[in-house]
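# Examination of the molecular architecture
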Amino acid sequence: MDSHYDQVMKAREAAGQAGSRLYFAYSTILDRAAFEEWRAQHSYDFFQLPEGKLAEALEVDLVYDFPSRWWGGRVAGLADAPGRSVFGRLFEVAGKDWPIIQHKEGFVTGMCIERPVRVRVDSQEVEATAFTTSPRRASQEGPISPRFIEALVRGAESAGLPAAYVERLRRGE
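Quick notes on the rules
Residues numbered from 1 in each chain as written. Predicted model: local features only at pLDDT ≥ 70, side-chain atom pairs only at ≥ 80, totals over all residues. Heavy atoms only, no water. Helix = DSSP H or I, 4+ residues; strand = E, 2+ residues; numbered from the N terminus. Buried < 20%, exposed > 50% of the residue type's maximum accessible area, 1.4 Å probe, protein only. Polar contact = N/O pair within 3.5 Å; in protein donor to acceptor, adjacent residues only side chain to side chain. Arc of directions from axis to C-beta. Contact = heavy atoms within 4.5 Å. Salt bridge = Lys/Arg side-chain N within 4 Å of Asp/Glu carboxyl O.

### Regarding the environment of E36
Along the chain, the position of E36 falls in helix 2 (residues 32–41). You can call E36 partly exposed: its relative accessible area is 27%. Residues E36 and R118, spaced 82 residues apart in sequence, show a C-alpha to C-alpha distance of 28 Å. A polar contact of 2.8 Å, which involves the side chain of E36, links it to the side chain of R39.

Shown next as C-alpha cells:
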C-alpha cells in the first residue's frame, strides 16, 4: 500500500453513490496481468475493472510526451489530431471507484490530467474521459521507453485491439 491509498479511500467515500463514468483506456491499464499486479500492490483487491468494449477515440493521437524515470524514457499521452484516432477499451466505472482509476492513471500524483474524448463504440459516438500528460510535465526530451512500448503492445493485444493498430504501437507511432 502506498501513501495515496488513504487519499483515494477518502475520495471514494466522498463520492458515495455518485453515478457511473465512461472511461476510455488506451495505455498500459489494458494489460490485465499488470493491472491485477498493480491492484494487489495498492490494496485495491476489492475493485474489479469491468470487461469494457472495444472503442476508438476520434480526432486524437498518441504523443510520447511524458519522461518517466520508472519506464526509463517517454510514455504516451493524447493530443488533438484531426483525422487520427486511438484504439482502446471503453469502461463504465462506478463513481465511487473513479478515484482508483485516477490513482492508476497518475492523476493523484499530478502526472496527468483528465480530458474529454469523443469515442466510437458499437457504431455510436459517446463522450468519455481519458487521461493524458499534464501540460506542466510534458516534454519531448529523451527517447521513447522501449519497455513502455512492450507493455503498450502487450495490453493492446490482450484487449483485442485491431492488429494494424497494434503494429503501429509496436513501431512507436
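### A look at helix 2
Regarding helix 2, the residues found buried are F35, W38 and R39. All buried residues of helix 2 lie within an arc of 100° about the axis, which places them on one face of the element. Taken together, the buried residues of helix 2 touch helix 3 (98–105). S43, located one to two residues past helix 2, shows a positive phi value of around 65°.

### Quick look at unusual backbone geometry
At S43, a position not held by glycine, the phi torsion is positive, near 65°. Here S43 lies in the loop between helix 2 and strand 2 (53–68). We classify S43 as partly exposed; its relative accessible area is 26%. Although it is not a glycine, S123 sits at a positive phi angle of roughly 65°.

### Some remarks on the pattern of salt bridges
Working definition: two side chains of opposite charge can pair if their charged atoms are close together. Going through the model one piece at a time under the given rule, you end up with 14 salt bridges. For D61, the salt bridge identified is with R168, shortest N-O distance 2.2 Å. Taken together, the residues span a long stretch of sequence, with D61 in strand 2 and R168 in helix 5 (residues 163–170) at a distance of 107 residues. Accessibility classification places D61 together with R168 in one group, the buried group. Within the structure, one salt-bridge network assembled from shared partners comprises E59, R118 and E125.

### Section: helix 1 (residues 5–15)
Of the positions making up helix 1, those classed as buried are Y5, V8 and R12. Viewed along the axis of helix 1, the buried residues span an arc of 65°, placing them on a single side of the element. Every exposed residue of helix 1 that faces more than 90 degrees away from the buried side is listed here: D6, K10, E13 and A14. Residues of helix 1 that are buried make contact with helix 3. Of the residues flanking the end of helix 1, it is G16, one or two places downstream, whose phi is positive at about 50°.

### Section: the environment of V60
If you trace the backbone, V60 turns up in strand 2. Taking relative accessible area as the criterion, V60 reaches 2% and is therefore assigned buried. Sequence separation of V60 and V75 is 15 residues, and the distance between their C-alpha atoms is 16 Å. Setting aside chain neighbours within four positions, we find V60 in contact with L78, A79, D80, A81, R84, S85, V86, R115 and V117.

In short, the description is geometric, and any link to function would need to be established separately.
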